Amino acid sequence: MRKRKVSRRAVSPEDYQTGFKLARQEFEFFVRLKNRLNSIRATQQLKNGELFLETIEVPSDDMRDDYY
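What you are looking at is a predicted structure, and each value in this text was computed from that prediction instead of being measured.

## Let's talk about the overall build of the protein chain
Stage number 1. A tally of helices and strands in the protein chain yields one helix and zero strands.
Stage number 2. Relative to its full complement of 68 residues, the protein chain shows a buried share of 9%.
Stage number 3. Split by element, the accessible area of the protein chain, about 7,000 Å² in all, is 54% carbon and sulfur.

This is the structure:
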């Protein structure tokens, strides 16, 4: 395969900040969705009489701090 030259342009600080805010919002949505799905799964397992502690994750510190 041939490699193509990729022209790169400088990203303005406003564009970078806008993209970062958008990525942060998407990540927060993902975390909320994941927590909601895990709580639904844990509730279903509890209703079925199964153990659900493996389903619920409790991080020792907030994992979002890694992304800010």
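## Let's talk about a nonpolar patch on the surface
Stage number 1. Taken together, the side chains of Phe29, Leu33, Leu37 and Ile40 present a nonpolar region at the surface, about 360 Å² in accessible area.
Stage number 2. Along the chain, Ile40 turns up in helix α1 (residues 13-47).
Stage number 3. Given a relative accessible area of 37%, Ile40 falls into the partly exposed group.

## Some remarks on α1
Each α-helix winds once per 3.6 residues, and so residues spaced three or four apart point in a common direction.
Stage number 1. Helix length check: α1 (35 residues) gives 51 Å between terminal C-alpha atoms against 51 Å at 1.5 Å per residue, within 8%.
Stage number 2. The complete set of buried residues in α1 reads Phe27, Val31, Asn38, Ala42 and Gln45.
Stage number 3. Positive backbone phi, at 80 degrees, marks Gly49, one or two positions downstream of α1.

## Here we look at the side chain of Asn38
Stage number 1. With respect to the helices and strands, the residue Asn38 is situated in helix α1.
Stage number 2. Using a relative accessible area of 13% as the deciding quantity, one classes Asn38 as buried.

## Focus on the environment of Arg41
Stage number 1. Mapping Arg41 onto the fold places it in helix α1.
Stage number 2. With relative accessibility at 43%, the residue Arg41 sits in the partly exposed group.
Stage number 3. Among the polar contacts made by the side chain of Arg41, one reaches the side chain of Asn38 at a distance of 3.1 Å.

Calculation rules
- Residues numbered from 1 in each chain as written.
- Predicted model: local features only at pLDDT ≥ 70, side-chain atom pairs only at ≥ 80, totals over all residues.
- Heavy atoms only, no water.
- Helix = DSSP H or I, 4+ residues; strand = E, 2+ residues; numbered from the N terminus.
- Buried < 20%, exposed > 50% of the residue type's maximum accessible area, 1.4 Å probe, protein only.
- Areas by Shrake-Rupley, 256 points an atom, 1.4 Å probe, with all protein chains shown as cover.
- Patch = residues over 30% accessible without salt bridge, like charges linked within 9 Å, V, L, I, M, F, W, Y side chains within 5 Å.
- Salt bridge = Lys/Arg side-chain N within 4 Å of Asp/Glu carboxyl O.
- Expected span 1.5 Å × (residues − 1).
- Polar contact = N/O pair within 3.5 Å; in protein donor to acceptor, adjacent residues only side chain to side chain.

Any functional reading would require information that these geometric values do not contain.
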